[in-house]
Amino acid sequence: MTHHDVPPRAPGLTWLTEGGIETEIMYKWGYELPQFAMFPLLENLKAAETIRGMYRRYLDVAARHGMAALIGGFDYRASADWGALLGYSSAGLADANIGAIDFLRQMAREYEGQIADARLVGYLGPRGDAYRLNRAMSEAEAEEYHSVQLATLKCAGADLAWAVTFNNPAEARGVTRAARALDMPLALSFSLDSTSRLATGASLQETIEAIEADSGAYPAFYSLNCSHPQEFEPSLTPGPWQDRLRCIRPNAAKMDKIALCKLGHLEEGNPEELGRQMADVARRFPKMDIWGGCCGTCETHLDQIAARLKEVRMEEAA
């Protein structure tokens, strides 16, 4: 069974995600994120209100530009290994995943009638480091590990599970098998290094083609995140596989990701330039209909991207 229509494609409909919420909450609003985990902040009333403000500004962009919204963001680290480092039990992690989706559901209700459509997304992060090659893991191990969080997200009523910043094809195939066994819609997002490849050395094209063959084209779509255009552009090689790449969520800055992590402050890059760069991508790949941001981006970058995308679509319609 495939889930190619999650979120649904429709003529003229473009989807917008949030930006780099972790970097924003840390460096703009001063909250600490042990293990880069955002979900514990929902237990802090003041932090939760700050997060609501961030999401309202993001959803305002979607409403202003006539876009639909894929709303996600908190459960990137809400899996067993990371949860244990944070002191969460299995039951506590399940509650955190459910609470994250409930929070997003409340945000979506605030914008009923203001945005064309809204779908709730639960995020799965890699079991290990997102920027370096993770420890050796078989597909079976990855399937077993990620199936727990996937099952919880399904029970929570998430419309889509989105595995983000994956860099190991074996882990990506494993999480796909887990989602397929649970009949849970899944998107896969990869992060590329300065060589425009995954940390294993595999190209984006060969990784996607292998997963398509292994899973019977199960994933709803594929995407790129946490890479600046200068990193991902060389990976966009021509071929039919590109039709399955529906989304790019770029970093704001041109810096190497590991260097960015060591900065200790927010690097926002040039939002106007990023908007133009993403418009260039949209012109080349008219079937891409999901856009957003990653590290260093906020509503300012999203607004620039959305505005430039609108111009591209108007050019196409002329």
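Since the model is a prediction, treat every value here as computed from it, not as a measurement. (Residues numbered from 1 in each chain as written. Predicted model: local features only at pLDDT ≥ 70, side-chain atom pairs only at ≥ 80, totals over all residues. Heavy atoms only, no water.)

With respect to the nonpolar core
Put simply, the rule is: The criterion is simple. A nonpolar core is a set of buried Ala, Val, Leu, Ile, Met, Phe, Trp, Tyr and Cys residues joined through side-chain atoms within 4.5 Å. Classification of residues uses two cut-offs on accessible area relative to the type maximum, computed with a 1.4 Å probe and protein chains only: under 20% is buried, over 50% is exposed, and between them is partly exposed. Contacts are assigned to residue pairs that have any heavy atoms within 4.5 Å of one another.
Y55 and F190 are the most contacted members of the largest nonpolar core, which totals 77 residues. Setting aside residues up to four positions removed in sequence, F190 forms contacts with F166, A172, L198, L204, T207, I208, I211, Y222, S223, L224 and N225. L13, V164, A220 and C247 belong to the second largest nonpolar core, which has 16 residues in total.

Details of the packing of aromatic side chains
Here is the rule: The pairing test for Phe, Tyr and Trp rings, Trp by its six-membered ring, is centres within 6.5 Å, and the orientation test on the planes gives stacked under 30 degrees, edge-to-face over 60, and tilted for anything in between. For helices the rule is a DSSP run of H or I covering at least 4 residues; for strands it is a run of E covering at least 2, with both sets numbered from the N terminus onward. Whether a charge lies above a ring is judged from NZ of Lys or CZ of Arg, which has to be within 6 Å of the ring centre and within 35 degrees of the ring normal.
Overall, the coordinates contain seven aromatic pairs when judged by the stated rule. Between the aromatic rings of Y55 and F74, the centroid separation amounts to 5.5 Å while the plane-to-plane angle is 40°, which identifies the pairing as tilted. Note that Y55 is positioned in helix α2 (residues 45-64) and F74 in the loop between β2 (68-71) and α3 (80-85), a separation of 19 residues in sequence. Pair check on accessibility: Y55 and F74 agree, each one buried. On the basis of an interplanar angle of 80° and a centroid distance of 5.2 Å, the ring pair of W162 and F221 is categorised as edge-to-face. You can see W162 sitting in strand β4 (residues 160-166) and its partner F221 sitting in strand β6 (residues 221-227), a full 59 residues away along the chain. In this structure W162 comes out as buried when scored by relative accessible area, which is 0%. Positioned above the aromatic ring of W82, the side-chain terminus of R77 is 3.6 Å from the ring centre.

Digging into helix α4 (residues 90-110)
The following threshold applies: An expected span of 1.5 Å times one less than the residue number is assigned to each helix. By construction, the arc corresponds to the directions joining the helix axis to the C-beta atoms.
In a regular helix each residue adds 1.5 Å, so 21 residues correspond to 30 Å; α4 covers 31 Å between its end C-alpha atoms and thus fits that length. Within α4 the residues assigned to the buried category are L93, A96, N97, A100, I101, F103, L104, M107 and A108. Around the axis of α4, the buried residues are gathered within 150° of arc, so they sit on the same side. What points out from α4, more than 90 degrees from its buried face, is the exposed set A91, D95 and R109. The inward-facing, buried residues of α4 contact α2, β2, α3, β3 (118-124) and α5 (139-156).

As for empty space enclosed by the protein
In plain terms, the rule: A cavity here means a set of 1 Å grid points, computed over protein atoms only, where a 1.4 Å probe fits but cannot escape. A pocket is an open set with protein on both sides within 12 Å along at least 5 of 7 lines, and lining residues have an atom within 4 Å of a point. Grid points are joined across faces, edges and corners, and a volume is the space filled by probe spheres set on the points. For this classification, the nonpolar set comprises Ala, Val, Leu, Ile, Met, Phe, Trp, Tyr, Cys and Pro, the charged set comprises Asp, Glu, Lys and Arg, and every other residue, Gly included, is treated as polar.
With the rule as written, the count across this model stands at one cavity of 30 Å³ or more. Of the voids in this model, the largest cavity is the one considered here, and its volume is about 60 Å³. Around the largest cavity, the lining residues are E18, G19, I21, E24, M54, Y55, Y58, C298, E299 and L302. Counting residues per element, the ones that place at least two in the lining of the largest cavity are α1 (21-27), α2 and α11 (299-317). For the lining of the largest cavity, the leading source of residues is α2, giving three residues. Partitioned by chemical class, the residues of the lining of the largest cavity number six nonpolar, one polar and three charged.

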